[in-house]
Each structure stands twice: as C-alpha cells, then as structure tokens.
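Structure at a glance
Letter by letter, the chains look like this.
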Amino acid sequence: MATDTLTPRKVPRVETRYRRIVTEIPVPESIPILEKLRRCEPRSMGGQPPVVWDRGEGFQVYDRWGNRWLDWSSGVLVTNTGHGHPKVRRAIQEMIEHGLVHNYCFPSEIRARTVEALSRVAPEGLDKVFLLTTGSEAVECAIKLSRTWGQRIGGDEKIAIVSFENAFHGRTLGSQMIGGIPALKKWIVNLDKDMIQVPFPDGFRCPDTRFELFVESLEKQGVRPERVAGVITETYQGGNASFAPPEYMRKLRAWCEEHQALLVFDEIQAAFGRTGTFWGFEHYGVVPDLICCGKGITSGLPLSAVIGRPEIMDLYPPGSMTSTHTGNPLCCAAVIANLNVIQEENLVEHTRRMGEILQPGLRRVAERFPDHVGTVHGKGLVASLHIVRPGGIQPDPELASRIVRRSVEKGLLMFAPVGYAGASVKVSPPLVITEEPLRESIQVIEEAIEEAIQ
Ligand SMILES: Cc1ncc(COP(=O)(O)O)c(C=O)c1O
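Residues numbered from 1 in each chain as written. Predicted model: local features only at pLDDT ≥ 70, side-chain atom pairs only at ≥ 80, totals over all residues.

**Notes on the overall build of the protein chain**
Defined as follows: To qualify as a helix, a DSSP run of H or I must reach at least 4 residues; to qualify as a strand, a run of E must reach at least 2; elements of each kind are numbered from the N terminus. Here the globule rule reads 2.2 Å times residues to the power 0.38, and the radius of gyration is calculated from C-alpha atoms. Partly exposed residues are those falling between the two cut-offs: more than 12 but fewer than 20 other C-beta atoms within 10 Å of their own, whereas 20 or more means buried and 12 or fewer means exposed, with C-beta atoms placed from the backbone. C-beta atoms are first placed from the backbone for all residues, and any pair lying within 7 Å is then listed as a contact.
Looking only at helices and strands, the protein chain has 13 helices and 18 strands in total. For 454 residues, the compact-globule estimate of 2.2 N^0.38 gives 22 Å, and the protein chain sits close to it at 22 Å. Projecting the C-alpha coordinates of the protein chain onto the three principal axes gives extents of approximately 65 × 60 × 45 Å. By the burial criterion, 52% of the 454 residues in the protein chain qualify as buried. Long-range contacts, defined as pairs at least 24 residues apart, comprise 73% of the intrachain contacts of the protein chain with a sequence gap of at least 6.

Written as structure tokens, this is what we have:
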C-alpha cells in the first residue's frame with residue numbers, strides 16, 4: 001500500500017498538546033500542490049506520506065491548514081537540534097545579512113572556524129576536515145582516499161574496498177557500488193569487482209555475528225587481505241537501525257591495522273548525538289581512520305564532511321580535491337551554531353536518557369505484536385521496527401506502509417518504510433524531544449500498529 005495516495009481520507013480528529021489533525025489526510029486544499037509535484041518532478045520523488053510541510057519547530061511539523069505533527073522523521077535524520085532551532089536560524093540570518101553567501105574555496109574565516117570546530121569534536125588524531133555538500137559525496141571522497149592510500153602503500157593491487165550487505169551509502173555511482181542492496185545497483189552494468197560486500201552481523205537477518213564470518217567471506221570471494229585498501233561501514237545500518245556487536249568491530253579494527261587497510265565509518269546518520277553518544281562508533285570503543293558525516297551536522301542546511309588523519313587527508317595536492325560549494329558560508333554558520341546548541345543543551349546526554357524511554361517502550365510494543373514486529377533495533381533516539389509476516393521473519397512491507405500511514409493520520413509524522421525489503425518502520429525524532437511527547441508518540445505507534453493489522 002502506498003503511503004502517498006492523493007485521495008483524501010476522513011480520519012478521526014486529534015487534538016493533544018503535541019498533535020492536531022483537523023482535516024482529511026491528505027488535506028483537500030493541498031492536492032493541487034501534490035499534483036504539481038507529481039507533474040513536474042520525477043516519479044522517484046514521490047512515496048512519502050502526503051503532508052505538505054509549511055514550517056517546523058523543535059520536534060513538530062506544521063502544515064498550512066491547521067494540522068500539527070509530532071515528528072518522528074527529523075526530515076531524514078537531519079534536524080538533530082530540532083526543526084529551525086532559533087540559534088541555528090539566527091546564525092544563518094546573520095551570515096546572510098553580513099553579506100557572504102558563497103566563496104568557492106577561496107579562504108574565509110567562517111570556513112576556518114567550521115573545520116576547526118569539527119576537528120575539535122573528532123577523536124584525537126583525526127585532525128583534518130574536508131567539507132562537501134551531500135552525504136553521498138563524502139562517501140565518494142572516502143572511497144577515493146581509501147583507494148589512493150592503498151595504491152600509495154601497497155601498489156596497484158591494494159585497491160579492494162570492502163563494505164556490507166544491506167548497507168546504504170548514497171545514490172551516486174561509487175556510493176551505490178559499495179552499497180549492499182542489489183536492487184539499487186541493477187543499472188550499474190560494470191560493477192567494480194574490487195568493491196565487495198560481506199554480511200553485516202546484525203543478529204537478526206544475519207544471525208552469525210562472529211568476526212570470523214568477515215574473514216571467511218573475503219576468502220570465499222577470493223580477496224586476499226593484503227589487497228584490501230579500506231573497509232567502510234555505516235556505524236549502524238541506517239535502514240534497519242542495526243548495530244554490530246562491539247566485539248566484532250574491535251576485531252575489525254585490529255584486522256584493518258594488521259592488513260594496513262583503512263577503517264571508514266559512515267556516520268552520516270549516526271553522528272551528532274543521534275545514538276546517545278556524540279559519535280555512533282563510541283558504542284564500539286574503536287576509532288576509525290576516516291569519518292563521513294552529514295545530515296545532523298547542521299540540522300538543516302546541506303553540508304557534509306570527511307574527517308580523518310592528516311596523512312590520508314593530505315594525499316591530494318592543492319586544487320585536486322575540492323568542490324564548488326565546499327564550506328558554503330551559510331552552511332558553515334549553521335554547523336557552528338548547531339554544534340554549540342548540542343553542547344549547550346547537553347543534547348547527547350539528553351538523547352541517551354530519552355533512549356532509555358524509547359527503546360524499552362518500542363520493545364514493549366513489539367512484544368504486544370509478536371506476529372508482526374520481528375524485532376526492534378536501535379540506540380538512543382534512533383530505532384527500527386522490523387515488520388514481518390506472522391510465523392517467521394519474512395518482511396511485510398505492505399503492513400509497514402499501513403503502520404506509517406495510520407501514524408501520520410494520527411499526527412505522528414514518519415517517513416515511508418525503509419531498510420530490508422522496505423519493511424522497517426524507522427523512528428528518528430529530533431533530539432530535542434522531551435519525555436511527555438516521546439511517551440505519547442510511543443502510544444500512538446502502538447495504536448497505529450493495532451489498527452493497521454486489522
Ligand atoms: C548512512 C548514509 N550514508 C549516506 C547517505 C547519503 O547521504 P545524502 O542523501 O546526503 O547523499 C545517507 C542518506 O540517507 C545515509 O543514511
């Protein structure tokens with residue numbers, strides 16, 4: 001069932017302190033806007049619940065017709081400090097008024113302050129920061145740096161990039177090549193044989209969480225360890241909010257060191273407090289050689305970064321690793337304000353505490369519907385309900401869509417299901433959500449599941 005049908009449905013009125021649904025969904029007056037989007041954009045842009053966003057504030061999103069949603073999307077895990085945090089907006093406004101809205105890679109003070117601020121929050125030794133615009137670009141850059149590093153230290157043979165099955169790293173050529181979802185790669189006719197995937201030890205779809213499986217999988221695919229230039233993984237697999245066991249990651253770190261391969265964490269979803277630690281990889285007790293980040297770095301504007309050790313980051317000479325919008329001044333102003341808000345509002349610790357409500361709350365909901373919720377994965381303020389068919393773990397994307405749709409009709413905003421077979425209902429509220437609305441939203445999802453399975 002599509003989540004984006006354009007036929008208005010009468011839904012019960014909802015009026016709480018945090019949610020207000022007083023029209024049909026989609027709102028009849030919003031149909032011309034939705035139709036215009038359908039007419040003028042590619043079909044690929046559809047698929048989300050038909051809520052026409054007018055403005056966002058904190059953990060709530062508003063339309064123009066009197067409806068208000070409690071947000072469990074954060075856009076797509078972007079608005080960590082909340083929608084339109086006043087300090088982030090003010091910083092952007094001040095930069096606009098100051099008069100610098102673009103400066104390519106000519107030097108600017110705001111870019112200097114931004115890269116310094118990011119290197120300060122990065123683990124020791126990861127001192128250099130390269131700014132880009134999208135997460136996919138940061139991943140492309142990490143692939144390029146890993147291969148170049150491999151070639152530099154091991155010659156033309158040391159070029160293999162290892163990533164994980166079910167992984168998502170973006171939609172550009174390289175980021176899709178290292179992605180672990182075969183359906184997304186059908187269009188790439190010349191898949192790079194030196195980009196290979198191994199099982200991700202999530203303990204659900206892949207019950208074998210031994211690190212030995214990594215080594216065995218390389219062997220099976222004929223990749224000698226000394227040929228590996230880099231291993232890249234999402235810190236948790238975004239679609240499914242699935243983490244690896246810390247022991248696995250510690251062994252992977254040691255393996256990378258032994259074989260002089262770079263370890264790259266794609267922190268595009270995980271960083272800036274989302275999981276209850278500043279960086280997601282803190283849960284594993286390991287430090288990567290390169291970090292890719294984006295999304296919650298600004299809580300709104302498009303900016304991404306690769307952060308890493310100087311000897312890797314400095315592989316390319318002046319002028320050969322740049323981008324037109326690198327370190328855009330407005331985006332940089334947002335980064336600095338956003339980092340300050342995370343610190344001033346103690347959002348990492350707050351997220352950890354809210355996670356202690358969200359995670360057990362969702363597990364309790366799952367226990368109520370064991371035939372339909374296969375498992376719940378997540379940490380802090382990110383989670384995924386893995387929706388399955390009764391009697392096993394076969395994914396049920398139709399039910400997942402109905403759950404999202406019912407939630408939206410009840411004033412709980414979520415994006416369309418993602419993850420394994422499109423059957424994961426993803427939970428990712430802005431980190432500024434507080435206890436009362438969080439508890440209320442858990443109750444709403446429980447009701448939505450109950451209604452969706454009928
Ligand atoms: C883990 C991860 N990596 C990379 C990307 C790609 O980022 P972008 O959409 O900004 O290119 C995403 C986006 O969803 C992501 O979740």
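So much for the structure itself; the text now carries on.
**Examining the packing of helix α12 (residues 397–409) against helix α13 (residues 435–452)**
To keep it simple, the criterion reads: Structural elements are reduced to axes, namely lines fitted to C-alpha atoms, with helices fitted over the stretch in contact, and the angle between N-to-C directions of any two is expressed from 0 to 180 degrees. Each angle gets one of four labels, with under 35 degrees taken as roughly parallel, over 145 as roughly antiparallel, 65 to 115 as roughly perpendicular, and the rest as oblique. What makes a crossing left-handed is the near helix being turned counterclockwise from the far one by less than a right angle; a clockwise turn instead makes it right-handed. In the scheme used here, Gly and all other residues not listed as nonpolar or charged are polar, with Ala, Val, Leu, Ile, Met, Phe, Trp, Tyr, Cys and Pro taken as nonpolar and Asp, Glu, Lys and Arg as charged.
Between α12 and α13, whose axes approach to 8 Å, the crossing angle comes to 130°. On the basis of the axis angle, α12 is oblique to α13. In terms of crossing hand, the pair formed by α12 and α13 is right-handed. Residues L399, R402, I403, R406 and S407 of α12 form the contact with α13, whose own contacting residues are V444, I445, A448, I449, E451 and A452. Class assignment of the residues belonging to the contact of α12 with α13 gives a composition of 7 nonpolar, 1 polar and 3 charged.

**With respect to the site of the ligand**
Just so we agree on the cut-off: Should the C-beta atom of a residue, placed from the backbone, lie within 6 Å of a molecule or strand, that residue is near it.
What surrounds the ligand is a group of 14 residues, the closest being T134, G135, S136, G170 and I268. Counting residues per element, the shell around the ligand draws most heavily on helix α5 (residues 135–154), at 3 residues. Across the shell around the ligand, the residue classes break down as 4 nonpolar, 8 polar and 2 charged.

**A few points about α12**
What counts is decided by this rule: One less than the number of residues in a helix, times 1.5 Å, gives the span that helix is expected to have.
With 13 residues, α12 ought to run about 18 Å at 1.5 Å a step, and its terminal C-alpha atoms sit 18 Å apart, in line with that. Those residues of α12 that sit buried are L399, A400, S401, R402, I403, V404, R405, R406, S407 and V408. Those residues of α12 hidden inside the fold are in contact with β16 (382–387), β17 (412–413), β18 (424–427) and α13. Backbone geometry just after α12 places G411 at a positive phi near 95°.

**Quick notes on the sheet that holds β16**
Just so we agree on the cut-off: Being paired, for any two strands, means DSSP has found at least two bridges between them.
Taken in spatial order, the 3 strands of this open sheet run β15-β16-β18, and their pairing is antiparallel. Among the strands making up the open sheet, the edge pair consists of β15 (373–379) and β18. Averaged over all pairs of adjacent strands, the angle between strand axes in this sheet comes to 15°, irrespective of strand direction. Packing against the sheet, helix α11 (residues 347–368) makes contact with β15, β16 and β18, and its axis sits at approximately 175° to β15.

**With respect to the domain arrangement of the protein chain**
Here is the rule: By convention here, the domain bounds are inherited from an automatic or database domain assignment.
With domains assigned, the protein chain is organised as domain 1 (14–81 + 346–452) and domain 2 (86–344). Taking only C-alpha atoms into account, the centre of domain 1 sits 26 Å from that of domain 2. Contacts between the two partners involve 26 residues from domain 1 and, on the opposite side, 25 residues from domain 2.

**A word on unusual backbone geometry**
A negative phi holds for most residues other than glycine; trans holds for most peptide bonds. Of note, the amide linkage connecting I25 to P26 takes the cis form, showing an omega dihedral of -5°. At N166, a position not held by glycine, the phi torsion is positive, near 70°. One can find N166 in the loop between β7 (160–164) and α6 (173–177). You can call N166 buried: it has 23 C-beta atoms within 10 Å. Despite not being glycine, Q260 shows a phi value in the positive range, around 50°.

**Quick notes on the pairing of strand β9 (residues 228–234)**
Two faces belong to every sheet, and in a regular strand the side chains alternate between them. Here β9 lies mainly inside the structure; 7 of its 7 residues are buried. Here β7 runs beside β9; their pairing, made up of 3 bridges, is parallel. Paired with V162 across the strands is V231, a residue of β9. With 5 bridges joining them, β9 and strand β12 (residues 262–266) adopt parallel strand pairing. Following the sheet pairing, V231 is matched in β12 by L263.

**What to know about the pairing of strand β14 (residues 304–308)**
Burial analysis of β14 places 5 of its 5 residues in the buried class, which makes it a mostly covered element. The alternating pattern of β14 places S304, V306 and G308 and A305 and I307 on opposite faces, both of which are buried. Pairing analysis gives 5 bridges linking strand β6 (residues 128–132) to β14, with the strands arranged antiparallel. Considered in β14, the bridge of V129 is made with I307. As paired strands, strand β13 (residues 290–293) and β14 are joined by 4 bridges and run antiparallel to one another. Residue pairing for β14: L290 is matched across the bridge by G308.

**Description of the environment of Q443**
Considering the arrangement of structural elements, one finds Q443 in helix α13. Separated by 78 residues in sequence, Q443 and V365 place their C-alpha atoms 8.6 Å apart.

**Considering the nonpolar core**
Short version of the rule: For this entry, the nonpolar core is defined as buried Ala, Val, Leu, Ile, Met, Phe, Trp, Tyr and Cys residues connected by C-beta atoms within 7 Å.
A138, A142, C292, A305 and A333 are the most contacted members of the largest nonpolar core, which totals 126 residues. If one sorts the elements of this core by residue count, helix α10 (residues 329–344) sits on top with 11 residues. Both domains that furnish three or more residues to this core are identified here as domain 1 (14–81 + 346–452) and domain 2 (86–344). Residues contacting A305, with those up to four places away along its chain left out, are L118, V129, F130, L131, L132, A138, C293 and I297.

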